[in-house]
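Coordinate analysis (summary)
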2 protein chains.
Amino acid sequence: MPRGLLITGGPLWAGPGQFWPDGAVAAVDGVITYAGTADGAPRPPQAEEIQAGGGLIMPGLVNAHCHGAMVLFRGLADDLPLRVWLEEHIFPAEARWVNEEMVELCCRLAAAEMLLSGTTTVGDSYFCQDGAAKAYPQAGMRAVLLQGLIDFPAPGVPDPAHNLAACRRFVQRWKGVNPLLTTGIFAHSTYTCAKDTLRGAAELATELGCQWHTHLAESAEEVESSMKANGVSPVAYLENLGLLERLDTAVHCVWLQPGEMEMLARRGVAVAACPGSNSKLGSGWADIPDLLDAGCAVGLGTDGAASNNNLDLFGEIGLAARLAKVKTKDPAALPAEAALDLALSGSAACLGLTGVVGRLASGYACDAVVVDFSAPRLTPCFDAASHLVYAATGGNVRHVVVDGRQVVGDGTLLTMDVEEVMAKVRELAAKVGGPL
Amino acid sequence: MPRGLLITGGPLWAGPGQFWPDGAVAAVDGVITYAGTADGAPRPPQAEEIQAGGGLIMPGLVNAHCHGAMVLFRGLADDLPLRVWLEEHIFPAEARWVNEEMVELCCRLAAAEMLLSGTTTVGDSYFCQDGAAKAYPQAGMRAVLLQGLIDFPAPGVPDPAHNLAACRRFVQRWKGVNPLLTTGIFAHSTYTCAKDTLRGAAELATELGCQWHTHLAESAEEVESSMKANGVSPVAYLENLGLLERLDTAVHCVWLQPGEMEMLARRGVAVAACPGSNSKLGSGWADIPDLLDAGCAVGLGTDGAASNNNLDLFGEIGLAARLAKVKTKDPAALPAEAALDLALSGSAACLGLTGVVGRLASGYACDAVVVDFSAPRLTPCFDAASHLVYAATGGNVRHVVVDGRQVVGDGTLLTMDVEEVMAKVRELAAKVGGPL
């Protein structure tokens, strides 16, 4: 029995340049069969109907880079020099508290926060990702889960000699298990992974037919260290190893040398920019307009909640637009629809989901969000995309659909007992650091 | 019969370094008599009680610079070169649509948006401010209303020869009328007001015992024009006229020359920084850490909704903190409590309300907000101020009190029919520019 869904009763913004004042989206078995004016909409047989109530129907947002379980460390330590933050607060907390059970619990909270704020797909890179694999699909969230790879003892991989094997096991275990779930490999960085590990990641990804990502050129210190250790920048280092063309996505890309944007574009490396994290940590900003001009696919990620400190992609989108304008001193830089599209087709490209998510159009997955525009901060409205970028927050989200199934209704998450999950996380946090 | 109020049942953050895990605020006739641990709290006789329900009690936020009525133009035109935006979109719209009736209606919407998002005091500078004076107190919002002064035809002042008289009339009309309302003068800028007009503003402010503010050094173009026209920067121009020491607040201060921060501090000029607007318009950013180091009082303003595009001060606070860190490449720059305090004692200083708003302490006005921390994006919590800056939005606000009277309860505005106001604004906006 095919699952039919019809979302209607409000304007539809399906992608850049694709707006209908009275729109509709129809789907069968989680795949969109129609997106356009309500007038021409087919009604799938016995379709469930979601009434937008005048709210704006839009594609679900896509978080290109996140460490979901780090919600446990949200606000644990802020406003500190980077090395102190990492070495005295974050690494010790992770070493002590991260395990599969914690990751499963905390990814449920992360999923709740993301779904409630209109993010329907997440690219989550972390350790003990079996926990994440047990959390996101159950929450009804689409996820690309990348198992961390690093040449140091890590949660779930106490002996780094087994790090590639752990990735292989993870990817193979979850292959084809759930349509909402894809897996891959996250090589932490060029300064925490030796060249053999990086080569191993590339080869494993090829063998398993999955993606691999890495943190790349996040800080000035990273680039300086690479120059000292390798004689070249992190991007050049990967290129010299013949690995850049095999890399799927590079996260951050804040400190690039001249010509490296073009190189990333030529090598087909997508860039996951994390403006909230990069600004909060004082790293700098990825020059998104220039990356786009150079031909790179650019997506947006929240990074982990310990360096943001929230997973609301609306905040990232607005920040990306503002940073682009203030950096270039050009108010026309990164206009609204382009900023919004970073968290749609840009992030989809980062996660190997081009053509699957990021648009409401025939053939795409039915991952959609209804935003309630009847709020003072969104009144009046002359342009929907403008408001999504410059005026809305995740709090304006009313309904969320993933794979043609409603997961948020009237601002309430339908797939888990959020209160219970928050209570459990608080209980665990009380052990971590003396919370309120 | 004295009005008693007790807010309790949650943690209290009363100002930097002033946190109690179980707090209470007591007030009589709108003035705080106690703020501290719930244990020691007096119970005013026959006091109304507001239960925080575990939510965080904090001071109401203060918006140092806003053009409230411009909510009508929210998203009317974005992502355009500055001159085009102003001359082809904003100025024509203002000339056509701004009048006292429009200002009254739109300030009601602005008040709704601000109160619902935890802003309890606004410094609103615009034209036809009689309309604003009829809106804000009725909405239950504290307001410092500055009547615009400019040497061009302006709404309500078609003949600029009468511009100072219009200011005099406005200030005198509303003096002492409502305890929630203070008035003053807003000289638009040094490039739209001749020196006689600027002198007139200073003299009128002295005579009437009110404040005067001006836009100052917002853009590189403004500074270049001043250099051409006057041979000096805008700040130096005012100093040379002997007016800087008489100016109460300078808005923006993005493009300052060496030594000018110290000069502003010496002359006792408060700075109202507007990061959301300055970044969106590509103007630049006020160097808040350096301004503070130079001894300036620095507040935060949203500016008008046409260049933000919302009036949620939580967004400004988070943006100010992130911009400071990314500009200085120092994650320790403008830490959470300092960022929060910009929109509290900093903005209070900009509006001549030091000692009145910005803290929850004995003698201060009882303007308080309860933030619901039982949301995924605020879970867990290790530090309240951190979450207010890096994780919360105005949507997390549950209760709001102004002058010891509850104006928002459980996220609902108690002082007006918000749906009706939004409907009227949409009706007017439909004439302005073809909205959704």
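What counts, and where the lines are drawn
Residues numbered from 1 in each chain as written. Chains lettered and ligands numbered in written order. Predicted model: local features only at pLDDT ≥ 70, side-chain atom pairs only at ≥ 80, totals over all residues. Heavy atoms only, no water. Helix = DSSP H or I, 4+ residues; strand = E, 2+ residues; numbered from the N terminus. Expected span 1.5 Å × (residues − 1). Bend = angle between axes of the 7 residues up to and from the residue. Buried < 20%, exposed > 50% of the residue type's maximum accessible area, 1.4 Å probe, protein only. Least-squares fit on C-alpha atoms with pLDDT ≥ 70 in both. Contact = heavy atoms within 4.5 Å. Pairing = 2+ DSSP bridges. Axes fitted to C-alpha atoms, helices over the stretch in contact; angles between N-to-C directions. Arc of directions from axis to C-beta. Domains from an automatic or database assignment. Buried area = accessible area lost by both parts, 1.4 Å probe. Salt bridge = Lys/Arg side-chain N within 4 Å of Asp/Glu carboxyl O. Polar contact = N/O pair within 3.5 Å; in protein donor to acceptor, adjacent residues only side chain to side chain. Phe/Tyr/Trp six-rings, centres within 6.5 Å; stacked < 30°, edge-to-face > 60°. Lys NZ or Arg CZ within 6 Å of the ring centre and 35° of its normal. Nonpolar A, V, L, I, M, F, W, Y, C, P; charged D, E, K, R; others polar. Right-handed = clockwise from strand over helix to strand, strands pointing away. pLDDT = per-residue confidence, 0-100. Parallel < 35°, antiparallel > 145°, perpendicular 65-115°, else oblique. Left-handed = near helix turned anticlockwise from the far one by under 90°.

In an α-helix, one full turn covers 3.6 residues, which means residues spaced three or four apart are oriented alike. All names here are of chain A. Along its 15 residues, helix α12 (residues 336-350) runs 20 Å from first to last C-alpha, staying within 8% of the 21 Å computed at 1.5 Å per residue. At Leu-342, α12 shows its largest bend, some 45°. Here α12 has its buried residues at Ala-336, Ala-339, Leu-340, Asp-341, Leu-342, Ala-343, Leu-344, Gly-346, Ser-347, Ala-348 and Cys-350. Looking one or two places after α12, you find Gly-352, whose phi comes out positive at around 70°.

Moving on: the relation of the copies chain B and chain A. With an RMSD of 0.0 Å, the fit of chain B onto chain A corresponds to turning through 180° and sliding 0.0 Å along the axis. In the structure described here, the two chain copies are related by an operation that fits a two-fold rotation axis. When C-alpha positions in chain B are compared against the rotation axis, the closest is assigned to Gly395(B), at 2.9 Å. When you check the interface residues of chain B against chain A, 99% turn up at the interface there too, and the contact is symmetric in its surfaces.

So, about the sheet that holds strand β6 (residues 61-66) of chain A. All names here are of chain A. Read from one edge to the other, the open sheet built from eight strands follows the order β6-β7-β8-β9-β10-β11-β12-β13, with strand pairing classed as parallel. Of all strands in the sheet, those bounded by a partner on one side alone are β6 and β13 (298-300). Across the sheet, the mean angle from the axis of one strand to that of its neighbour is 25°, orientation sign disregarded. Examined bridge by bridge, strand β10 (residues 211-216) and strand β11 (residues 249-252) share four bridges and lie parallel to one another. Residue pairing across strands places His-213 opposite Thr-249, the latter belonging to β11.

So, on to helix α4 (residues 163-174) of chain B. Residues and elements named next belong to chain B. With 12 residues, α4 extends 17 Å from end C-alpha to end C-alpha; this agrees with the ideal 16 Å at 1.5 Å per step. Along α4, the residues classified as buried are Asn-163, Ala-166, Cys-167, Phe-170, Val-171 and Trp-174. End-on, the buried residues of α4 take up no more than an arc of 125°, which puts them together on one face. Buried residues belonging to α4 abut α3 (129-139), β8 (142-149), β9 (181-187) and α5 (195-208). Positive phi shows up at Gly-176, right after α4, with a value of about 70°.

One frequent convention defines the size of an interface as the accessible area lost when the parts assemble. All names here are of chain A. As assigned here, chain A comprises domain 1 (4-59 + 359-413) and domain 2 (61-350). In this complex, domain 1 contributes 29 residues to the contact, which on the side of domain 2 involves 28 residues. Together domain 1 and domain 2 conceal approximately 2100 Å² of surface at their shared face, both sides included; 67% is due to carbon and sulfur atoms. Ranking the residues of domain 1 by area buried against domain 2 places Val-389, Tyr-390 and Leu-413 at the top, with a combined share of 26%. Here domain 1 is connected to domain 2 by two salt bridges. For Arg-142, the salt bridge is made with Asp-367, and the minimal N-O distance between the two is 2.7 Å. Along the contact surface separating domain 1 from domain 2 lie six residue pairs in polar contact (both at pLDDT 80 or more). At the level of elements, β1 (4-15), β5 (56-59), β14 (368-371), α13 (384-390), β15 (397-402), β16 (405-409) and β17 (412-413) are the ones that each hand at least two residues to the side of domain 1 that touches domain 2. Of the residues forming the side of domain 1 that touches domain 2, the biggest block, five residues, is contributed by α13.

Tallied over the full model, the rule gives three aromatic pairs over all chains. Seen in terms of ring centroids, Tyr126(B) and Phe127(B) are 6.1 Å apart; in terms of plane orientation they differ by 55°. Their pairing is tilted. Taken as a pair, Tyr126(B) and Phe127(B) share a single burial class, namely buried. Cation over ring: Lys280(A) sits above Tyr390(B), and NZ or CZ is 4.4 Å from the ring centre.

Right, let's talk about the environment of Thr214(A) for a bit. Residue and element names in this part refer to chain A. Looking at where Thr-214 falls in the secondary structure, it is placed in strand β10. Through-space distance from the C-alpha of Thr-214 to that of Val-25 is 36 Å; in sequence the pair is 189 residues apart. If near-sequence neighbours (up to four positions away) are discounted, Thr-214 is found in contact with Phe-186, Ala-187, His-188, Ser-189, Thr-190, Leu-238, Leu-247, Thr-249, Ala-250 and Val-251.

Contacts between the two partners involve 68 residues from chain B and, on the opposite side, 67 residues from chain A. At the boundary of chain B with chain A, the tally comes to four salt bridges. With its nearest N and O atoms 2.7 Å apart, the salt bridge here joins Lys325(A) to Asp79(B). The interface formed by chain B and chain A includes 24 residue pairs in polar contact (both at pLDDT 80 or more). A total of eight residues in the side of chain B that touches chain A trace back to one element, the largest contributor, which is helix α14 (residues 418-433) of chain B. Residue composition of the side of chain B that touches chain A, grouped by class: 38 nonpolar, 16 polar and 14 charged.

Moving on, we get to the sheet that holds β9(B). Sheet strands pair via backbone hydrogen bonds, and the direction of the pair is either parallel or antiparallel. Residues and elements named next belong to chain B. Strand order in the open sheet made by the eight strands is β6-β7-β8-β9-β10-β11-β12-β13, with parallel pairing throughout. The two strands at the open ends of the sheet, each matched to only one other strand, are β6 (61-66) and β13 (298-300). Each strand of the sheet is rotated relative to its neighbour by a mean of 25°, with strand direction disregarded. Helix α12 (residues 336-350) contacts β6, β10 (211-216), β11 (249-252), β12 (270-273) and β13 of the sheet and is inclined by roughly 110° relative to β13.

Now for the pairing of β14(A). Residues and elements named next belong to chain A. Here β14 shows no split at all, with Ala-368 and Val-370 on one side and Val-369 and Val-371 on the other all buried. Here β5 runs beside β14; their pairing, made up of four bridges, is antiparallel. In the sheet register, Leu-56 faces β14, and the bridge partner there is Val-371. Here β14 runs beside β15; their pairing, made up of four bridges, is antiparallel. The residue bridging Val-370 from the neighbouring strand is His-399, located in β15.

Take the pairing of β10(B) next. Across a regular strand the side chains alternate sides, sitting on one face of the sheet and then on the other. Residues and elements named next belong to chain B. The buried fraction of β10 amounts to six of the six residues, a majority that puts the element mostly inside the structure. Neither face of β10 is exposed, since Gln-211, His-213 and His-215 on one face and Trp-212, Thr-214 and Leu-216 on the opposite face are all buried. Across four bridges, β9 lies against β10 in parallel orientation. From the neighbouring strand, Ala-187 faces β10, where its bridge partner is Thr-214. Running through α5, the crossover from β9 to the neighbouring parallel element β10 is right-handed.

What follows covers the confidence of the model for chain A. In this model, chain A carries an average pLDDT of 97, and 99% of its residues clear a pLDDT of 70 or more. Per the prediction output, this complex has pTM 0.97; the corresponding ipTM is 0.97.

Turning our eyes to something else, we now look at the packing of helix α11 (residues 313-328) of chain B against α12(B). All names here are of chain B. Remark: α11 packs on α12, axes separated minimally by 9 Å, with the N-to-C direction vectors making an angle of 135°. With respect to α12, the element α11 is oriented oblique. Two packed elements cross with a definite hand, and for α11 against α12 that hand is right-handed. For the pair α11 and α12, the contacting residues are Leu-313, Ile-317, Ala-320 and Ala-321 in the first and Ala-339, Leu-340, Leu-342 and Ala-343 in the second.

Residue and element names in this part refer to chain A. Here helix α3 (residues 129-139) crosses helix α4 (residues 163-174) at 20°, and the two axes come no closer than 10 Å. In terms of their interaxial angle, α3 and α4 are classed as roughly parallel. You can see that α3 and α4 cross each other, and the crossing is right-handed. Contacts between α3 and α4 involve Gln-129, Asp-130, Ala-133 and Lys-134 from the former and Phe-170, Arg-173 and Trp-174 from the latter. Within the contact of α3 with α4, the residues separate by chemical class into three nonpolar, one polar and three charged.

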